[in-house]
Amino acid sequence: MNLYKIIAIIIGFIILSGCQDKKKQTYLKEINAMDFKIDSLDKVSKEKRVDTINSIVMSVRSTISSVKDVYFADTIDMKIATMMNEYKEIRKVLSSNTGNISKATKALPEVKQKLKDLEHDINEGVGEREKYQEYINYEKNKIEEIESLLDYYIITNDKYISRYDSLHPLVVNFADSLKAHNEK
């Protein structure tokens, strides 16, 4: 009877280790996929970073100042007021949006390192094994947050740079026409 118990224990151990090995491989596949995602997001963050934002912000600020210097009316036309408000919004939104790319680019290497550490722990079987999936899920959520932040950054920049491209010539023309009118 002892022989049957020993064989049962050995078989149980083999089955249990086989299950653990399968879980380990599943965890490592998830980490590998997340690592690939981080690399993709890092590439996107570098490709979509817009270095002209500061010059656009300064241009808007300067143009608004030019309009303020020459516009002396008691009332303002609603169409002009709307145009100027939309133009001012470009500066505000683009200025604050640069913080989003900074957050994302700072978070990417941190998450990459956490994934590397987690992969090491899983490969070596260290730490709280029952929490591996919880740790993986936590890092997945961080990656989703970074992706969402980058998406917002890209969409917002595209929208407001396009708005700048369409409004800037109009506001400059408005400022120039005011200047010409005041010089008469």
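Computed from a predicted structure; not experimentally measured. (Residues numbered from 1 in each chain as written. Predicted model: local features only at pLDDT ≥ 70, side-chain atom pairs only at ≥ 80, totals over all residues. Heavy atoms only, no water.)

J.: Quick question: what am I supposed to make of the overall build of the protein chain here?
T.: Counting secondary structure elements, the protein chain contains four helices and zero strands. Along the chain direction, N to C, the helices and strands of the protein chain fall in the order α-α-α-α. Counting only contacts in the protein chain whose residues sit at least 6 apart along the sequence, the fraction spanning at least 24 positions is 91%. Looking at the protein chain as shown, the accessible area adds up to about 12500 Å², and 56% of this sits on carbon and sulfur atoms. (Helix = DSSP H or I, 4+ residues; strand = E, 2+ residues; numbered from the N terminus. Contact = heavy atoms within 4.5 Å. Areas by Shrake-Rupley, 256 points an atom, 1.4 Å probe, with all protein chains shown as cover.)

J.: Just checking my understanding: could you explain the pattern of salt bridges for this structure?
T.: Close approach of charged atoms allows side chains of opposite charge to pair. Enumeration over the complete set of coordinates arrives at seven salt bridges. The shortest N-O distance in the salt bridge between Asp-39 and Lys-112 comes to 2.8 Å. Here Asp-39 is found in helix H1 (residues 2–47), whereas its partner Lys-112 is found in helix H3 (residues 78–124), with 73 residues between them in sequence. Between Lys-46 and Asp-42 there is a salt bridge, and its shortest N-O distance comes to 3.0 Å. Of this pair, Lys-46 and Asp-42 both sit in helix H1, four residues apart, which is roughly one turn of the helix. Looking at Lys-46, the relative accessible area reads 59%, which means it is exposed. By sharing partners, the salt bridges in this structure join Asp-35, Asp-39 and Lys-112 into a single network. (Salt bridge = Lys/Arg side-chain N within 4 Å of Asp/Glu carboxyl O. Buried < 20%, exposed > 50% of the residue type's maximum accessible area, 1.4 Å probe, protein only.)

J.: It is not clear to me how the packing of helix H2 (residues 53–70) against H3 should be interpreted in this structure. Could you clarify?
T.: Packed helices, taken two at a time, are described by their axes: the angle between them and the distance between them. Two elements in contact, H2 and H3, have axes separated by 9 Å at closest approach and are oriented at 150 degrees. Relative to H3, H2 is oriented roughly antiparallel. Classified by chirality, the crossing of H3 by H2 is left-handed. Packed against H2, whose contacting residues are Ile-53, Ile-56, Val-57, Ser-59, Val-60, Arg-61, Thr-63, Ile-64 and Val-67, the element H3 presents Met-84, Tyr-87, Lys-88, Ile-90, Arg-91, Leu-94, Ser-95 and Thr-98 at the interface. For the contact of H2 with H3, the per-class residue count stands at ten nonpolar, four polar and three charged. (Axes fitted to C-alpha atoms, helices over the stretch in contact; angles between N-to-C directions. Parallel < 35°, antiparallel > 145°, perpendicular 65-115°, else oblique. Left-handed = near helix turned anticlockwise from the far one by under 90°. Nonpolar A, V, L, I, M, F, W, Y, C, P; charged D, E, K, R; others polar.)

J.: Sorry if this is basic, but what is going on with the packing of H2 against helix H4 (residues 132–183) here?
T.: The N-to-C vectors of H2 and H4 enclose an angle of 30 degrees; their axes lie 9 Å apart at closest approach. Relative to H4, the element H2 lies roughly parallel. In this structure, H2 crosses over H4, and the sense of that crossing is left-handed. Along the contact surface, H2 presents Ile-53, Ile-56, Ser-59, Val-60, Thr-63, Ser-66, Val-67 and Val-70, while H4 presents Asn-157, Ile-161, Tyr-164, His-168, Val-171, Val-172, Phe-174, Ala-175, Leu-178, Lys-179 and Asn-182. Classifying every residue of the contact of H2 with H4 gives twelve nonpolar, six polar and one charged.

J.: Just checking my understanding: could you explain H2 for this structure?
T.: Structurally, the α-helix is built with 3.6 residues per turn, so residues lying three or four positions apart point the same way. Taking 1.5 Å per residue as the helical rise, H2 with its 18 residues ought to reach 26 Å, and the 26 Å between its terminal C-alpha atoms agrees with that figure. Residues Ile-53, Ile-56, Val-57, Ser-59, Val-60, Thr-63, Ile-64, Val-67 and Val-70 constitute the buried set of H2. (Expected span 1.5 Å × (residues − 1).)

Function cannot be inferred from these measures alone, as they are strictly geometric.
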